[in-house]
Amino acid sequence: MRYGLSFLLCILLLPLVAQHDSLLNAYLASIRDNPAELTAFFQQMPKGGDLHHHYSGSIYAESYLQAAIDSNFWVNMVTLEVSTTPAPKTSDWERFSTLEKQGLLDLYREKILRSWSVKDYPFQADLPPDQHFFATFGRFSEAKSDFGPGSLSSFAAGLLELKHRAVLENVQYIETMFTGVRCPEAVLPNRYNGILENLQQQKKSDALQDTLAILYNKIDVSSNACAAAYAGLLESLHDSLQIDDDHFTLRYQTFAVRTVPPVQVFTRLVACFMAAEASPLIVGVNIVAPENDPVSMRDYWLHMEMFRFLHHLFPNVKYAMHAGELTLGMVPPEELSWHISEAVFRAGARRIGHGVDLAYETNPYALLDSMRQRGVAIEINLSSNEFILGVKDGRHPISLYRRFDVPMVISTDDAGVLRSNLTEQYVLLATRYPEFSYTEIRELVFNSVHYSFVEDNALKASLLARLEAQFGAFEERVLR
Ligand SMILES: [Zn+2]
């Protein structure tokens, strides 16, 4: 590093720690306009944790595709669906081995990668960005079966891929939204859906809580044993793969999908809370699927009430929530005014995922103050928000969160589908928001351990100590 004499004289008058940080801040400022320099810098920087990412969207499409090719699945050459069995009576389907013999495998490999991710988007895409993004999950779902449904052991390759990528880019902890709890759901009378919807329409919170208590008592016993069994399977998979070691730790969130009827959402959430209570490896619960889906929008308030109910029963179970992953034009504007605050105040979420429509909230300043006071962290997903919502640069509320000192973490959301990684999120942060100094960015990294859902204090302390040591070595390398 080279600095002018006057800069060095100013630096010498500062206490040692401040001198150290001034040099690092100056170094980041000197490379801020150069994406290649920034990439090299942030690639090497220890990045602590990634607290918001989805297992299936974090696996790169190449892995799913290779598994499908190795198993010689069928491909629909028109729709690019992949299946273990072809649909009846159609000549559109061929096996991968046939495509290979015909010299067409590379062509279809490229087409499928584009269909299963945002690679080369919008080339060959027939949907707008948000629909293309969410459609990818259905397209690779059958190939994913080698990584998924059935026994949990089929997740081994995916978990190891996530670990491998994290370690390579100096990420020491990840909190993965893994799967829902796979339990047979208690069959409850359908009329409860209507009852819950009615209470929601009338915003009768107390009566709703009473109804949820009745439902809970009906599903309690059957779910508990199954949730505990799921937690046990997850623990044995985790241990057998030796995921945790001296350099890396993985913990899991489980989740419910928000686009199904209310009773089903509730039943699944109950199983999630039970599983999280049963295993120290399942550190949190979430709710997923597009927030602008008609059912998600209709039942949003109801879902917040469900979290409130379950929090009283399971006060030790932590939960983060996708909230405010919306923007103007996606839904009517009045719908942008309340989701984050309901997640914070009604549901009591410990962290908010995305929170992009913050500026449209009825009282954004009061909400930001409350988030800071309550220590509710915001999970920032820059690539995801840019692709799915078209929100970036000054349209993104990150500067508002910063100005009100809301604890913030940087995360990837779906690095596989989005063809990105955590390093790139820091590059975007430094490029687009020069108000973040190196000192602040390092603080964000420490936040990613502080605001993780790790329960075990000794584990958290060791993650923080390791991070401190990693930063020491990294900064020495930068300043040498
Ligand atoms: Zn997400």
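What counts, and where the lines are drawn
- Residues numbered from 1 in each chain as written.
- Predicted model: local features only at pLDDT ≥ 70, side-chain atom pairs only at ≥ 80, totals over all residues.
- Helix = DSSP H or I, 4+ residues; strand = E, 2+ residues; numbered from the N terminus.
- Rg over C-alpha atoms; globule rule 2.2 N^0.38 Å.
- Buried ≥ 20, exposed ≤ 12 C-beta atoms within 10 Å, placed from the backbone.
- Contact = placed C-beta atoms within 7 Å.
- Pairing = 2+ DSSP bridges.
- Axes fitted to C-alpha atoms, helices over the stretch in contact; angles between N-to-C directions.
- Core = buried A, V, L, I, M, F, W, Y, C linked by C-beta atoms within 7 Å.
- Right-handed = clockwise from strand over helix to strand, strands pointing away.
- Domains from an automatic or database assignment.
- Nonpolar A, V, L, I, M, F, W, Y, C, P; charged D, E, K, R; others polar.
- Left-handed = near helix turned anticlockwise from the far one by under 90°.

Q: Lay out the overall build of the protein in plain terms, naming residues and giving numbers.
A: A tally of regular secondary structure across the protein gives 22 helices and eleven strands. For 480 residues, the compact-globule estimate of 2.2 N^0.38 gives 23 Å, and the protein sits close to it at 23 Å. Overall, the C-alpha framework of the protein stretches about 75 × 65 × 45 Å when taken along its three principal axes. Out of the 480 residues belonging to the protein, those deemed buried represent 44%.

Q: Help me get a handle on the environment of Val 285, residues and values and all.
A: Here Val 285 is to be found in strand 7 (residues 282-288). Accessibility expressed as a C-beta count within 10 Å gives 29 for Val 285, which makes it buried. For the pair formed by Val 285 and Asp 246, sequence separation is 39 residues and the distance between their alpha carbons is 26 Å. In this view, Val 285 contacts Gln 253, Thr 254, Phe 255, Cys 272, Phe 273, Ala 276, Val 317 and Tyr 319; residues no more than four positions away in its chain are not counted.

Q: I'd like to hear about the sheet that holds strand 2 (residues 74-76), residue by residue, with values.
A: The sheet built from three strands is open, its strands ordered 3-2-4 with antiparallel pairing. Because the sheet does not close on itself, it has two edges, and the strands there are strand 3 (82-83) and strand 4 (93-95). In the sheet, strand 2 pairs with strand 4 via three bridges, with the strands oriented antiparallel. Residue pairing in the sheet places Val 75 in a bridge with Glu 94 of strand 4.

Q: A description of the sheet that holds strand 5 (residues 173-177) should follow, citing residues and the corresponding values.
A: Here eight strands make up an open sheet; going across it, the order is 1-5-6-7-8-9-10-11 and the pairing parallel. Each edge of the sheet is formed by a strand with only one pairing partner; in this case those strands are strand 1 (49-54) and strand 11 (408-410). Across this sheet, the average inter-strand angle for adjacent strands is 25°, counted without regard to direction. In this structure, strand 10 (residues 377-380) lies alongside strand 11, joined through three bridges in parallel fashion. Note that in strand 11 the partner of Ile 380 across the bridge is Ile 410. Contacts between helix 12 (residues 262-278) and the sheet are confined to strand 6 (249-257) and strand 7, with strand 6 contributing the most and set at about 160° to the helix.

Q: Quick rundown of unusual backbone geometry? Include the residues and the values.
A: Going from Tyr 121 to Pro 122, the amide bond is cis rather than trans, its omega being 10°. Topologically, Pro 122 is positioned in the loop between helix 7 (105-115) and helix 8 (129-139). A positive phi is found at Lys 203, a non-glycine position, where the angle reads about 50°. For Lys 203, a count of 9 C-beta atoms within 10 Å puts it in the exposed group. Of note, Ala 289 is a non-glycine position whose phi angle comes to about 100°, a positive value.

Q: Tell me about the nonpolar core, and please be specific about residues and values.
A: Generally speaking, nonpolar side chains in soluble globular proteins are found buried as a group. Cys 272, Ala 275 and Ala 349 are the most contacted members of the largest nonpolar core, which has 112 residues in total. Broken down by element, the residue count for this core peaks at twelve residues, all from helix 12. Not counting residues up to four positions away in its chain, the partners in contact with Cys 272 are Val 181, Thr 254, Phe 255, Ala 256 and Val 285. Core analysis: the next-biggest nonpolar cluster, separate from the first, contains 18 residues, Ile 59, Leu 65, Ile 69 and Trp 116 among them.

Q: Summarise the environment of Gly 394; cite the residues concerned and give the values.
A: Here Gly 394 shows up in the loop between helix 17 (382-389) and helix 18 (398-403). For Gly 394, a count of 10 C-beta atoms within 10 Å gives the class exposed. Along the chain, Gly 394 and His 322 lie 72 residues apart, while their C-alpha atoms are 21 Å from each other.

Q: Now, about the pairing of strand 6: what can you tell me, with residues and values included?
A: Burial analysis of strand 6 places seven of its nine residues in the buried class, which makes it a mostly covered element. Where strand 6 and strand 7 come together, six bridges link them in parallel fashion. Looking at strand 7, one finds that Phe 255 is bridged to Asn 286. In this fold, the crossover linking strand 6 to strand 7 by way of helix 12 has right-handed handedness.

Q: Explain the domain arrangement of the protein to me, using residue names and the numbers behind them.
A: On domain assignment, one finds that the protein holds domain 1 (49-56 + 153-475) and domain 2 (59-145). Distance from the C-alpha centre of domain 1 to the C-alpha centre of domain 2: 29 Å. Elements that contribute at least two residues to the side of domain 1 that touches domain 2 include exactly helix 9 (156-168), helix 17 and helix 19 (415-418). Here the side of domain 1 that touches domain 2 is built from residues that sort into six nonpolar, four polar and two charged.

Q: Residue-level account of the packing of helix 15 (residues 339-346) against helix 16 (residues 364-374), with values.
A: Where helix 15 contacts helix 16, the two axes come as close as 11 Å, and the packing angle between them is 35°. Here the hand of the crossing between helix 15 and helix 16 comes out left-handed. Contacts between helix 15 and helix 16 pair Ile 340, Ser 341 and Val 344 from the former with Leu 367, Ser 370 and Met 371 from the latter. Broken down by class, the residue content of the contact of helix 15 with helix 16 amounts to four nonpolar, two polar and no charged.

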